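# Structural characterization, general
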There are 6 protein chains.
Amino acid sequence: VPIYTRETYEGNEFAGVVTGLAWTAVGGEILYVETSLSKGKGRFTLTGNLGEVMKESATIALEYLRSHAPDLGLTSQSFEKWDVHVHVPEGAIPKDGPSAGITMATSLASAFTQRKVKRNLAMTGEITLRGKVLPVGGIKEKILAAKRAGIKEIIISRQNEKDLEEIKPIYIKGLKFHFVETVMDVLEIALLKQKVNSPLRIR
Amino acid sequence: VPIYTRETYEGNEFAGVVTGLAWTAVGGEILYVETSLSKGKGRFTLTGNLGEVMKESATIALEYLRSHAPDLGLTSQSFEKWDVHVHVPEGAIPKDGPSAGITMATSLASAFTQRKVKRNLAMTGEITLRGKVLPVGGIKEKILAAKRAGIKEIIISRQNEKDLEEIKPIYIKGLKFHFVETVMDVLEIALLKQKVNSPLRIR
Amino acid sequence: VPIYTRETYEGNEFAGVVTGLAWTAVGGEILYVETSLSKGKGRFTLTGNLGEVMKESATIALEYLRSHAPDLGLTSQSFEKWDVHVHVPEGAIPKDGPSAGITMATSLASAFTQRKVKRNLAMTGEITLRGKVLPVGGIKEKILAAKRAGIKEIIISRQNEKDLEEIKPIYIKGLKFHFVETVMDVLEIALLKQKVNSPLRIR
Amino acid sequence: VPIYTRETYEGNEFAGVVTGLAWTAVGGEILYVETSLSKGKGRFTLTGNLGEVMKESATIALEYLRSHAPDLGLTSQSFEKWDVHVHVPEGAIPKDGPSAGITMATSLASAFTQRKVKRNLAMTGEITLRGKVLPVGGIKEKILAAKRAGIKEIIISRQNEKDLEEIKPIYIKGLKFHFVETVMDVLEIALLKQKVNSPLRIR
Amino acid sequence: VPIYTRETYEGNEFAGVVTGLAWTAVGGEILYVETSLSKGKGRFTLTGNLGEVMKESATIALEYLRSHAPDLGLTSQSFEKWDVHVHVPEGAIPKDGPSAGITMATSLASAFTQRKVKRNLAMTGEITLRGKVLPVGGIKEKILAAKRAGIKEIIISRQNEKDLEEIKPIYIKGLKFHFVETVMDVLEIALLKQKVNSPLRIR
Amino acid sequence: VPIYTRETYEGNEFAGVVTGLAWTAVGGEILYVETSLSKGKGRFTLTGNLGEVMKESATIALEYLRSHAPDLGLTSQSFEKWDVHVHVPEGAIPKDGPSAGITMATSLASAFTQRKVKRNLAMTGEITLRGKVLPVGGIKEKILAAKRAGIKEIIISRQNEKDLEEIKPIYIKGLKFHFVETVMDVLEIALLKQKVNSPLRIR
Ligand SMILES: [Ca+2]
Ligand SMILES: [Ca+2]
Ligand SMILES: [Ca+2]
Ligand SMILES: [Ca+2]
Ligand SMILES: [Ca+2]
Ligand SMILES: [Ca+2]
Ligand SMILES: [Ca+2]
Ligand SMILES: [Ca+2]
Ligand SMILES: [Ca+2]
Ligand SMILES: [Ca+2]
Ligand SMILES: [Ca+2]
Ligand SMILES: [Ca+2]
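As the structure is a computational prediction, the values presented were derived from the model and not from experiment.

## Some words on the overall build of chain A
- Counting its regular elements, chain A contains five helices and eleven strands.
- For a compact globule of 203 residues, the expected C-alpha radius of gyration is about 17 Å, and chain A comes in at 16 Å, within 12% of that figure.
- Its C-alpha atoms put chain A at 50 × 35 × 30 Å along the principal axes.
- Taken over 203 residues, chain A has a buried fraction of 62%.
- For chain A, the proportion of contacts with a sequence separation of at least 24, taken over those separated by at least 6, is 76%.
- Total accessible area on chain A stands at roughly 8400 Å², and carbon and sulfur atoms take up 51% of it.
- Charge centroids of chain A, computed over 28 positive and 23 negative side chains, lie 6 Å from each other.

## Digging into the coordination of the calcium ion (ligand 10)
Residues and elements named next belong to chain E.
- Listed as protein donors to the calcium ion (ligand 10) are Ser99 (O), Thr103 (OG1) and Met123 (O); their distances from the metal cover 3.0 to 3.2 Å.
- Positions of the donor residues of the calcium ion (ligand 10) along the chain correspond to the pattern S-x3-T-x19-M. Taken together, the residues Ser99 in the loop between β4 (82-87) and α2 (101-113) and Met123 in strand β6 (residues 121-123) connect sequence positions 24 residues apart. For the residue pair Ser99 and Met123, the accessibility class agrees, reading buried in each case.

## Things to note about the relation of the copies chain A and chain B
- Placing chain A over chain B gives an RMSD of 0.0 Å and needs a rotation angle of 60 degrees, together with 0.0 Å of translation along the axis. What the rotation and shift describe, once combined, is the action of a six-fold rotation axis.

## Re the interface of chain E and chain C
- Taken residue by residue, the interface counts 27 residues in chain E and 19 residues in chain C.
- Summed over both partners, the interface of chain E with chain C comes to about 1900 Å²; 55% of that surface belongs to carbon and sulfur atoms.
- Residue E:Glu10 pairs with C:Lys132 through a salt bridge whose shortest N-O separation is 2.5 Å.
- Applying the counting rule to chain E against chain C returns 13 residue pairs in polar contact (both at pLDDT 80 or more).
- Counting only elements with at least two residues in the side of chain E that touches chain C, the list comes to β2 (27-39), β3 (44-47) and β4 of chain E.

## Considering the coordination of the calcium ion (ligand 6)
All names here are of chain C.
- Within the first shell, the calcium ion (ligand 6) binds the protein through Ser99 (O), Thr103 (OG1) and Met123 (O), at distances of 3.0 to 3.2 Å.
- Counting gaps between the donor residues of the calcium ion (ligand 6) yields the pattern S-x3-T-x19-M.
- Owing to a relative accessible area of 0%, Met123 belongs among the buried residues under this scheme.

## Considering helix α2 (residues 101-113) of chain B
- For α2(B), with 13 residues, the first-to-last C-alpha span of 18 Å sits near the 18 Å given by 1.5 Å per residue.
- B:Gln114 sits one or two positions beyond α2(B) and adopts a positive phi of about 60 degrees.

## Description of the pattern of salt bridges
- A complete count under the given rule lists 66 salt bridges over all chains for this structure.
- B:Asp83 is the salt-bridge partner of A:Arg66, the closest N and O atoms lying 2.9 Å from each other. Pair noted here: A:Arg66 is in helix α1 (residues 52-67) and B:Asp83 is in strand β4 (residues 82-87), and the two residues belong to different chains. Neither A:Arg66 nor B:Asp83 differs from the other in exposure class; each is buried.
- A salt bridge links C:Arg43 to C:Asp83; the shortest N-O distance between them is 3.0 Å. Placement of the pair is C:Arg43 in the loop between β2 (27-39) and β3 (44-47) and C:Asp83 in strand β4 (residues 82-87), with a sequence separation of 40 residues.
- Residue classification places C:Asp83 among the buried residues on the basis of a relative accessible area of 4%.
- Taken together, the salt bridges that share partners define one network made up of A:Arg43, A:Asp83, D:Glu63, D:Arg66 and D:Glu80.

## What to know about the packing of helix α1 (residues 52-67) of chain C against helix α2 (residues 101-113) of chain C
Residues and elements named next belong to chain C.
- Put simply, α1 and α2 touch, their axes get as near as 8 Å, and they point 45 degrees apart. In this view, α1 runs oblique relative to α2, as classed from their interaxial angle. Here the hand of the crossing between α1 and α2 comes out right-handed. Every residue of α2 that contacts α1 at Met54, Ser57, Ala58, Ala61, Leu62 and Leu65 is listed here: Gly101, Met104, Ala105, Leu108, Ala109 and Phe112.
- By residue class, the composition of the contact of α1 with α2 is ten nonpolar, two polar and no charged.

## A closer look at the interface of chain A and chain B
- Opposite the 19 residues of chain A that make contact, chain B presents 27 residues.
- For the pair chain A and chain B, the two sides together bury roughly 1800 Å², of which 55% comes from carbon and sulfur.
- At the boundary of chain A and chain B, one finds four salt bridges.
- A:Arg130 is paired through a salt bridge with B:Glu34; the nearest N and O atoms lie 2.8 Å apart.
- Inspection of the chain A/chain B interface yields 13 residue pairs in polar contact (both at pLDDT 80 or more).
- Of all elements in the fold, only α1 and β7 (126-127) of chain A reach the threshold of two or more residues within the side of chain A that touches chain B.
- Here the side of chain A that touches chain B gets seven residues from one element, more than from any other, and that element is α1(A).
- Taken together, the residues of the side of chain A that touches chain B sort by class into eight nonpolar, five polar and six charged.

## So, the arrangement of the chains
- Contact between chain A and chain C is absent, and the least distance between their C-alpha atoms amounts to 22 Å.
- Kept free of each other, chain B and chain E leave a smallest C-alpha distance of 22 Å between them.

## Focus on a positive patch on the surface
All names here are of chain A.
- A contiguous patch of positive charge on the surface is contributed by Lys39, Lys81, Arg201 and Arg203.
- Its location among the elements puts Arg201 in the segment after β11 (191-195).
- Note on Arg201: relative accessible area 64%, which makes it exposed.

## Quick notes on the packing of aromatic side chains
- Per the counting criterion, the structure on display carries twelve aromatic pairs over all chains.
- Consider the rings of C:Phe79 and C:Phe112, whose centres lie 4.4 Å apart with planes at 40 degrees: the pair is tilted. With C:Phe79 in the loop between α1 and β4 and C:Phe112 in helix α2, this residue pair connects regions lying 33 residues apart in the sequence.
- Ring centres of D:Phe177 and D:Phe179 lie 6.1 Å apart, and the angle between their planes is 5 degrees; on these two criteria the pair is classed as stacked.

## Considerations on unusual backbone geometry
- Residues D:Pro89 and D:Glu90 are joined by a peptide bond in cis, for which omega reads 15 degrees.
- As for its placement among the helices and strands, D:Glu90 is situated in the loop between β4 (82-87) and α2 (101-113).
- Phi at A:Asn49 is positive, roughly 65 degrees, even though this residue is not glycine.

## Some details on the environment of F:His178
All names here are of chain F.
- In this structure, His178 sits in strand β10 (residues 176-180).
- As a C-alpha pair, His178 and Leu129 span 49 residues in sequence and 21 Å in three-dimensional space.
- Excluding residues that lie within four positions of it along the chain, His178 makes contacts with Lys118, Glu153, Ile154, Ile155, Ile156 and Ile189.
- At 2.6 Å, the side chain of His178 forms a polar contact with the side chain of Glu153.

## Some words on the side chain of E:Glu126
- Along the polypeptide, E:Glu126 turns up in strand β7 (residues 126-127).
- In this structure, E:Glu126 is buried with no salt-bridge partner, the nearest side chain bearing the opposite charge being F:Lys95 at 6.6 Å.
- Discounting residues that sit within four places of it in the chain, E:Glu126 has contacts with E:Pro98, E:Ser99, E:Ile102, E:Lys132, E:Val133, E:Leu134, E:Val136, F:Pro89, F:Glu90 and F:Gly91.

## Considerations on the environment of D:Glu126
- In this structure D:Glu126 comes out as buried when scored by relative accessible area, which is 5%.
- For D:Glu126 and D:Lys116, which are ten residues apart along the polypeptide, the C-alpha to C-alpha distance reads 22 Å.
- Leaving out residues up to four positions away in the same chain, D:Glu126 has contacts with A:Glu90, A:Gly91, D:Pro98, D:Ser99, D:Ile102, D:Lys132, D:Val133, D:Leu134 and D:Val136.
- Engagement of the side chain of D:Glu126 in a polar contact is seen with the backbone nitrogen of A:Gly91, the distance being 2.8 Å.

## Comments concerning the environment of B:Pro94
- On the secondary structure map, B:Pro94 appears in the loop between β4 and α2.
- B:Pro94 gets classed as exposed once you look at its relative accessible area, which sits at 61%.

Calculation rules
Residues numbered from 1 in each chain as written. Chains lettered and ligands numbered in written order. Predicted model: local features only at pLDDT ≥ 70, side-chain atom pairs only at ≥ 80, totals over all residues. Heavy atoms only, no water. Helix = DSSP H or I, 4+ residues; strand = E, 2+ residues; numbered from the N terminus. Rg over C-alpha atoms; globule rule 2.2 N^0.38 Å. Buried < 20%, exposed > 50% of the residue type's maximum accessible area, 1.4 Å probe, protein only. Contact = heavy atoms within 4.5 Å. Areas by Shrake-Rupley, 256 points an atom, 1.4 Å probe, with all protein chains shown as cover. Lys, Arg positive; Asp, Glu negative; His and termini not counted. Charge placed at Lys NZ, Arg CZ, Asp CG, Glu CD. Donors = N, O, S within 2.8 Å, 3.2 Å for Na, K, Ca; no water. Least-squares fit on C-alpha atoms with pLDDT ≥ 70 in both. Buried area = accessible area lost by both parts, 1.4 Å probe. Salt bridge = Lys/Arg side-chain N within 4 Å of Asp/Glu carboxyl O. Polar contact = N/O pair within 3.5 Å; in protein donor to acceptor, adjacent residues only side chain to side chain. Expected span 1.5 Å × (residues − 1). Axes fitted to C-alpha atoms, helices over the stretch in contact; angles between N-to-C directions. Parallel < 35°, antiparallel > 145°, perpendicular 65-115°, else oblique. Left-handed = near helix turned anticlockwise from the far one by under 90°. Nonpolar A, V, L, I, M, F, W, Y, C, P; charged D, E, K, R; others polar. Patch = residues over 30% accessible without salt bridge, like charges linked within 9 Å, V, L, I, M, F, W, Y side chains within 5 Å. Phe/Tyr/Trp six-rings, centres within 6.5 Å; stacked < 30°, edge-to-face > 60°.

Laid out in structure tokens, this is it:
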């Protein structure tokens, strides 16, 4: 029996750690996507008890960033010189589906740029290879969980805007929503100019 | 439970994005095939919750283009210097079958040539390794979905022409059909001479 | 539900395209084996929804040709410089069994020599690694299908000759049979001296 | 039928051998994580009848150490020059779950630094890629097993502190608890400055 | 439905073709093991619808020969310069078990030495890595099949000698038996000094 | 149906052949572990119809020896220059479990040192990565089988000593037992100083 631990927002001191929103058997939940880089040769590792579709999301996110390297101040060679590991705690809980796509893209982009992620921000949305952000399910439950965890701003697909109408205003009071169409929209909102302390030097 | 989002046609500004037609449990649907290239060494990645037969279609399409590189103004070495990723949104929906073959071939050809795809065009058809276009099923449902999504022109196999007789004329009014025999027929119709903005330089 | 398209013979303009005979749930059928070569390093790809035994047939056929390269005017190095892809349309229909062995050998030999395949010829038979042609099942149904599709000559194993006695003479009238013992017998019958137009230059 | 052997604490003379706490069908148990290094090229081997999640824990632990190499007096190249093997006896008993994460991290860190592990110490906790220590289940049973085996100090997640309240004081009398938040907390407690006898020279 | 073809002995003109004895659902049967070599880099391919244990037999046989190369007038480098393919017709029939071990060893040895195999000889027996020949089952049925197929001499394990007592003398009249203990015993009996016509030059 | 052959002890003329004790559905049994080396590049092959846990035992044994190479008069490079194959006859019988661990370690050590194994000796015990020998099950049945096969000395874990009390003295009369704690204990007992005839030269 896995232990369901209720998460609370945990700050933005680490590059590559981004808060996502998941929809589980026991309701909405925040989750973290963590990316770690170490010098290597472009190996890509995924952990966290992830299903095939969720692994594909990470692959799409990484490929999107590789093919848009210059937009992030990176070169395509940067990706060949670092081993990339993406992890989604907690290991006892199986996870699947495409809705962590933009969270993974933001996590990877933060790790490669070493830029901080905006505080008290969470997100959910499918990513496509050309950078579109598709709508996902469970918006209501995810938003309730986000609020409970101390989140203040939420990024979702423009196509999920209509889902807010089903939620009583009291539940979303105090939350700021960003409705996005592209991954670049997400990164502009989520990544601060400021780098983390003692940043890695990625070239 | 996957979310079925109803697609509408989305323009042709991206190289490698081509509109296909699918036949799902809930009727016809348009879908996108997206190809992304990044500098690399010929690695081939497929995502989108694809079954074995659909993955084979992509393999056949890529091999067809590799062995006909000069016809597209490419060299066979071009394919060794780029990593190719083909994705079919949406990740939550399993997809299979050979009918996206010509869509994949067009997506790959657009990515490698950086030529724009004709506007408001969709297609469905199986590809063979010698470049024949074979007929596929669900033509009626696919055409209805295409029209609903704003498609104006449709490419299908010459052997699917007879399927149009089963459709009431009112449903296909305003649609232009292209009946093709070979992949080269498809590419001549689908690819514009014009390149996308800021094209990649493929050599 | 896969679409069963009834095939008709389609000419011999392509190197590597050979007509085989299959025995399916819905009776006999002709099928094509297509081989495509592209410059590479000896990679071998198989597509067409093939079962393990059918894939093994292709492996045996390729190995037979590699170890008999000089008999075809090739060198063993030829095989290291080209990537080989063998496909059997149609992707929606699962295919298995050893009976396409000689068809695959002929397809590969035609691709590597760029010699045309004899017109209106079909074949069925298992290949062994030393080049023996073994008998296969479903001869009656296969012959009926071949005739219906416009085939004029058929290659089968000498050990299948006895199966012709079960077929009423009217059904095989106008068909010429070749009873073979070895793959070299097959290639001598099936491959013309003439090369296809604009042949690849294989060395 | 596997043999369940009751373990007792066994000293700290070996680098890379760390005592963990497991929760099995037959109650709590101590277990050992063993890491062995041999000159090589960074190959990573896992044995001990481990499930996917437990294997992922080892992968996360290794990646954490690789990306924090300088904090342990190592270089990232150290990891490329040694083959790493992590084993969890006993082979007949299937093991899974994330709770050995910090035990694996400590085992790997001890092996790479050749530092001794603190005597009579056991631990249990999930590791995340950024180095957080998450709470795990079965704390009560694990503690009883630890005491029975001669353990004197136990490291658990700060978030597991509350689980101690369910245990009668008599059962935990004489045990010292360390409540940790990060893997670095764990390593500071668990690794002595002193190296093992005849240490390997890791550079 | 696979076609069971009744085999008859077929001569010894090919290097690498050796007659084995199998015990199938429909009784005893002779079968061929075929080995083909082509210039390459030591790749090892197995075909013929073989189960895991039968594949292991081929692996053991090849390793035995590699580690005893000088006894066959070969060098260990010989094995690195040739690709080896072992096939057991007929593809439609699944085959498994260790009893083809000595047949595979003889086939490989004949291929690498290009020496002819003794005429009208068949064999059955498990091989071990040190070269012992272990007894196998179905001896009675195998012998009947061998006689029916025109076999004159049979090699079996010394430990299978006792199985002959269960067979009526009339059934084994005219057959010569070789009872062996080691693979070297087998090769001394089975391989002639004479090479095949136009032998490959293996160095 | 596999054939169960009753083994008898077979001498010590081969390097790498060691007698183990197994506990099967039909009682105790001796079995052989065979290791063969051939010049290569450190490839590791396992055969004998082995389950995952038994394969892991071989991996642990090899890694133990690699990381303790100097204790055996070897260098860690020795292991990179030889391909290692471990086989456990008989192929028809599936085998699993950790109890052949020390037998495999002894087999590998004998092969790499070319030292003879003590005559009439058998052993059973799990190996851990740090070289501990853990107790295993079925001791009574294994001992009876060993005696029946002509074994005179048996190595088991110190923790299995208590299992001897359940055996009537008459059954173990004439057997000498060695109770061990570490793999090095095992090797000191099992490996003679004397090398086999015509030893391989391992460096
Ligand atoms: Ca949680
Ligand atoms: Ca998310
Ligand atoms: Ca849709
Ligand atoms: Ca399509
Ligand atoms: Ca058809
Ligand atoms: Ca055929
Ligand atoms: Ca235990
Ligand atoms: Ca633990
Ligand atoms: Ca047969
Ligand atoms: Ca045999
Ligand atoms: Ca036995
Ligand atoms: Ca044993």
